[in-house]
2 protein chains.
Amino acid sequence: MDQLNEPTGKTHATRALIELRKKILDGELAGGTRLFEVPLAEELAISRTPVREAMSRLAEEGLLDRVRSGGFVVRTFGFADVIDAIELRGVLEGTAARLAAERGVSAEQIATMREIVHKLDACFGEVPGDVDFETYSELNESFHHELAGLAGSEVIRREVARVSRLPFASPSAFSPDLGDIAAFRRSLNLAHEQHRAIVAAIAAREGSRAEALAREHARAARRNLEHVLREDRSLIDQLPGLALVVD
Amino acid sequence: MDQLNEPTGKTHATRALIELRKKILDGELAGGTRLFEVPLAEELAISRTPVREAMSRLAEEGLLDRVRSGGFVVRTFGFADVIDAIELRGVLEGTAARLAAERGVSAEQIATMREIVHKLDACFGEVPGDVDFETYSELNESFHHELAGLAGSEVIRREVARVSRLPFASPSAFSPDLGDIAAFRRSLNLAHEQHRAIVAAIAAREGSRAEALAREHARAARRNLEHVLREDRSLIDQLPGLALVVD
DNA sequence: ACCCGAACTGGTGTATACAATCGCCTCAAA
DNA sequence: TTTGAGGCGATTGTATACACCAGTTCGGGT
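Novice: Is there a simple way to explain the overall build of chain A in this structure?
Specialist: Helices and strands together make up the secondary structure of chain A, namely nine helices and three strands. Going residue by residue from the N terminus, the α and β elements of chain A occur as α-β-α-α-β-β-α-α-α-α-α-α. Against the compact-globule benchmark of 18 Å for 247 residues, chain A has a radius of gyration of 19 Å, which places it among compact chains. Counting only C-alpha atoms, chain A reaches 55 × 40 × 30 Å along its principal axes. Residues classed as buried in chain A amount to 55% of the 247 residues present. Pairs at least 24 residues apart make up 72% of the contacts formed inside chain A by residues separated by at least 6 positions. Accessible surface, chain A as shown: approximately 11,000 Å² in total, 50% of it carbon and sulfur. With 32 positive and 40 negative side-chain charges, chain A shows a spacing of 5 Å between the two charge centroids.

Given below as structure tokens:
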């Protein structure tokens, strides 16, 4: 599921996939829009075959729905769906954390997690709000990536990855572009404390605690989303994958 | 996601989809087997195009994996994966139940659930083990179907449906074919008590309890699986979708 | 006015020829 | 022995023509 070959577009189908995905995420193709093969093929200057291939993959990603009579429509996402997708990620990461704790993880795995946490520590400077945002964002992604696989279950890892593929539900949804906002920088301290606690709970085989912490950790994304909605809706367009959301 | 047009096969692609799915679930195509378009097309007496379409859909279902260099392989499922898929269904149904309780459901929805529970009651006769298995199985499916949508979240409903599509993880995995075994028939009393309790918890807006009950309810499937593995492995071939599992 | 069916339109479904690519094998040179 | 270039066969990628299906419209008979 993570081997969706996209070296920035080798085949026509891959390029079509990337272009279409971009248009959907940018909101250029509104939810509910039916995608017709012929016009799309003309627009992309390719034949219908790779267009179909691309649409099929987008259906796998959950950005398109197949319609009964054939063809595809752009899936509609409202803010409620974004909230639910974030909740779902929390639930699944929570399950990954719980199972990791219950089933036990190797010393190497714990060491890996602790190293990531340690490197994340180093992102924070003396004064609150002084954060190496770029590095934090990368390490945060590593943390969540590792966590998904920590239970040693391919089934779980795959489903966590799947829901995280929706850009607005991904663990790094609010990371890369909100570095300017002081409030977000400061909230990172709390989030990172949760990173530390999750690892500790897993190491101590406290499954229920690990699960609860991972769920609460995902709530940070929801709080950020709600902040954006309440305080500064102009940020919506800057956040990747939030442009397609309608309400 | 539930509109996978399969009126038993109108188009070649649909027939190919059904045939391939059957072969995978029956274990005729072992996990790891690479599926080549040309031989498959010849075998099914159709062209490559609908074969690709069918494989693409099977990838969406999670029965095939795409490989980097193009093409598909049959996904491998071990018993550990079955366990995890059942666990995952429990987690997701638990989330559906919790959110339904937390967010509240309409009187009509509760009435619908209670009606299903009531009809399920009627499946049980005077003596333990006297069960209308056929009807129970159908109603059980309705119960789980309704539960998935009870939170009013399309995102949740869709993901519950998705994991339930793997036949060995579905709520009715052990229903239709185990009616003979007395032990299973008796265990149904317990399972049905859980149905009743889940509805009661949701109605009382006891989210945590509803979640825990739904999770535990899914464990019944796991117990049945483990029973089959321990006591009577010959049943494996009779259970739908368990033939593909290797360990 | 009403019905019914033929033709048309707009879309996907399918077959097929050909192009591009990947993996592997060979063979030669370091 | 290793390594790298080259070629070759197997397999997927792509274009395109045509088939087919479902609405829809239009016409004619009643």
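Still more ground to cover, so stick around.
Novice: How should the packing of aromatic side chains be read in this particular structure?
Specialist: Given two aromatic rings, their pairing is described by the distance between the two centres and the angle made by the two planes. With the rule as written, the count across this model stands at four aromatic pairs over all chains. For the ring pair F124(A) and Y136(A), a centre distance of 5.8 Å and an interplane angle of 80° mean the geometry is edge-to-face. Of this pair, F124(A) sits in the loop between α5 (107-121) and α6 (133-149) while Y136(A) sits in helix α6; the two residues are twelve residues apart in sequence, bridging distant segments of the chain. Among the residues examined, F124(A) registers a relative accessible area of 18% and is labelled buried. For Y136(A), a relative accessible area of 4% translates into the label buried. Between the aromatic rings of F77(B) and F168(B), the centroid separation amounts to 5.1 Å while the plane-to-plane angle is 65°, which identifies the pairing as edge-to-face. Here the residue F77(B) occupies a position in the loop between β3 (72-74) and α4 (79-103), and F168(B) occupies one in the loop between α7 (154-164) and α8 (182-203), the gap between them amounting to 91 residues.

Novice: Looking at this structure, I do not really get the relation of the copies chain B and chain A. What am I missing?
Specialist: Taken together, a rotation about one axis and a shift along it account for how the two chain copies relate. Note on the identical chains: chain B maps onto chain A by a rotation of 180° and an axial translation of 0.0 Å, with an RMSD of 0.0 Å. The transformation relating the two chain copies, once decomposed into turn and shift, fits a two-fold axis. Across chain B, the rotation axis passes nearest the C-alpha of E60(B), at a separation of 2.5 Å. Looking at chain B, 97% of its interface residues are interface residues in chain A too, so the copies touch through the same face.

Novice: How should I be thinking about the packing of helix α4 (residues 79-103) of chain A against α4(B) in this particular structure?
Specialist: Each pair of packed helices can be summarised by the angle the axes make with each other and by the distance between the axes. The geometry of α4(A) relative to α4(B) is characterised by a closest axis approach of 11 Å and an angle of 135° between their N-to-C directions. One way to sum up the angle between α4(A) and α4(B) is to call them oblique. Handedness of the crossing formed by α4(A) with α4(B): right-handed. Of the residues in α4(B), those touching α4(A) at D84(A), E87(A), L88(A), V91(A), L92(A), T95(A), R98(A), L99(A) and R103(A) are I83(B), D84(B), E87(B), L88(B), V91(B), L92(B), T95(B), R98(B), L99(B) and R103(B). Here the residues of the contact of α4(A) with α4(B) sort into nine nonpolar, two polar and eight charged.

Novice: Help me understand the sheet that holds strand β2 (residues 64-66) of chain B in this model?
Specialist: Strand pairing in a sheet relies on backbone hydrogen bonds, with the paired strands running either antiparallel or parallel. Residues and elements named next belong to chain B. One open sheet holds the three strands; their spatial order is β1-β3-β2, and the pairing between them is antiparallel. Of all the strands in the sheet, just β1 (34-35) and β2 have a single pairing partner and so form its edges. Of the pairings in the sheet, the one linking β1 to β3 comprises two bridges and is antiparallel in character. Paired with R34 across the strands is V73, a residue of β3.

Novice: Can you walk me through the interface of chain B and chain A in this structure?
Specialist: Each partner contributes residues to the interface: chain B has 34 residues there, and chain A has 33 residues. Taken together, the links from chain B to chain A amount to 14 salt bridges. Here D65(A) ties to R158(B) by a salt bridge, and the two come within 2.7 Å at their closest N and O atoms. Inspection of the region where chain B meets chain A yields 15 residue pairs in polar contact (both at pLDDT 80 or more). When contributions to the side of chain B that touches chain A are tallied by element, the ones reaching two or more residues are α3 (48-61), β2, α4, α7 and α9 (207-231) of chain B.

Novice: Explain the protein's contact with DNA strand C to me, please; I cannot follow it from the model alone.
Specialist: R48(A), R52(A), H12(B), S47(B) and T49(B) are the nearest of the 17 residues found near DNA strand C. Expressed as a percentage, the sugar and phosphate content of the atoms of DNA strand C within 4 Å of the protein is 61%. One nitrogen or oxygen atom from the side chain of R48(A) is found 2.8 Å from a base oxygen belonging to DNA strand C. Between DNA strand C and T49(B) there is a distance of 2.8 Å, counted from a base nitrogen to a side-chain nitrogen or oxygen. At the level of elements, β1 (34-35), α2 (37-44) and α3 (48-61) of chain A together with α1 (12-25) and α3 of chain B are the ones that each hand at least two residues to the surface near DNA strand C. In terms of residues, the surface near DNA strand C owes the most to one element, α3(B), which gives three residues. Taken together, the residues of the surface near DNA strand C sort by class into six nonpolar, five polar and six charged.

Novice: I would appreciate a short explanation of the protein's contact with DNA strand D in the present structure.
Specialist: In the vicinity of DNA strand D lie 16 residues, with H12(A), S47(A), T49(A), R48(B) and R52(B) positioned nearest. Among atoms of DNA strand D positioned within 4 Å of the protein, sugar and phosphate together represent 62%. S47(A) is positioned such that a nitrogen or oxygen atom in its backbone is 2.6 Å from a phosphate oxygen of DNA strand D. E37(B) is positioned such that a nitrogen or oxygen atom in its backbone is 3.1 Å from a phosphate oxygen of DNA strand D. Secondary-structure elements contributing two or more residues to the surface near DNA strand D are α1 (12-25) and α3 of chain A together with β1, α2 (37-44) and α3 of chain B. It is α3(A) that provides the largest number of residues to the surface near DNA strand D, a total of three residues.

Novice: Just to check I follow, could you spell out the sheet that holds strand β3 (residues 72-74) of chain A for this structure?
Specialist: Residue and element names in this part refer to chain A. The strand order β1-β3-β2 describes an open sheet built from three strands, whose pairing is antiparallel. At either end of the open sheet lies a strand with only one pairing partner, and these are β1 and β2 (64-66). One ladder, built from three bridges, connects β2 with β3; its direction is antiparallel. Residue pairing in the sheet places L64 in a bridge with V74 of β3.

Novice: When you look at unusual backbone geometry in this model, what are you seeing that I'm missing?
Specialist: Excluding glycine, residues mostly carry a negative phi; peptide bonds, for their part, are mostly trans. All names here are of chain B. In this model, A45 sits at a positive phi of 60°, which is unusual for a non-glycine residue. Mapped onto the secondary structure, A45 falls in the loop between α2 and α3. With a relative accessible area of 67%, A45 lands in the exposed category. Here R205, not a glycine, exhibits a phi torsion of approximately 60°, which is positive. Looking at the element boundaries, R205 is found in the loop between α8 and α9.

Calculation notes
Each chain has its residues counted from 1, running along the sequence as written. Lettering for chains starts from A, numbering for ligands starts from 1, and both go in the order in which the items are written. For a predicted model such as this one, the threshold for reporting local features is a pLDDT of at least 70, and the threshold for listing and counting side-chain atom pairs is 80 or more; totals across whole chains, interfaces and linings nevertheless cover every residue. Side-chain measures were taken over the full set of non-hydrogen atoms in the model, leaving aside hydrogen atoms and water. Where helices and strands are cited, they refer to DSSP runs of H or I of at least four residues and of E of at least two residues respectively, numbered from the N terminus. The reference for a compact globule is 2.2 Å times residues^0.38; the radius of gyration itself is calculated from the C-alpha atoms. The buried label applies to any residue whose accessible area, calculated with a 1.4 Å probe on protein chains only, is under 20% of its type's maximum; exposed applies above 50%, and partly exposed to all values in between. Residues count as neighbours in contact if any of their non-hydrogen atoms are within 4.5 Å of one another. With residues, only the protein chains shown are counted as cover, and all accessible areas are computed by Shrake-Rupley using a 1.4 Å probe. Positive charge is attributed to Lys and Arg, negative charge to Asp and Glu, and no charge count is given to His or to the chain ends. Positions of charges follow a simple convention, taking NZ of Lys, CZ of Arg, CG of Asp or CD of Glu. For Phe, Tyr and Trp, where Trp contributes only its six-membered ring, two rings pair if their centres lie within 6.5 Å, and the inter-plane angle classes them as stacked under 30 degrees, edge-to-face over 60, or tilted in between. Fitting of the copies onto one another was done by least squares over C-alpha atoms, counting residues only where both copies have pLDDT of at least 70. Between N-to-C directions, angles span 0 to 180 degrees; the directions come from axes that are lines fitted to C-alpha atoms, helices contributing only their stretch in contact. Working definition: roughly parallel below 35 degrees, roughly antiparallel above 145 degrees, roughly perpendicular at 65 to 115 degrees, and oblique for all remaining angles. In this scheme the crossing of two helices becomes right-handed for a clockwise turn of the near helix relative to the far one and left-handed for an anticlockwise turn of less than a right angle. For this classification, the nonpolar set comprises Ala, Val, Leu, Ile, Met, Phe, Trp, Tyr, Cys and Pro, the charged set comprises Asp, Glu, Lys and Arg, and every other residue, Gly included, is treated as polar. Note on pairing: DSSP must find at least two bridges between two strands before they are called paired. Just to be clear on terms, a salt bridge is a Lys or Arg side-chain nitrogen sitting within 4 Å of an Asp or Glu carboxyl oxygen. Each polar contact in these results corresponds to two N or O atoms within 3.5 Å; when the atoms are within protein, one needs to be able to donate a hydrogen and the other to accept it, and residues that are neighboring in sequence are counted only if both atoms are side-chain atoms. One heavy atom within 4 Å of a molecule or strand makes the whole residue count as near it.

Shape is all these values report; function is a separate question.
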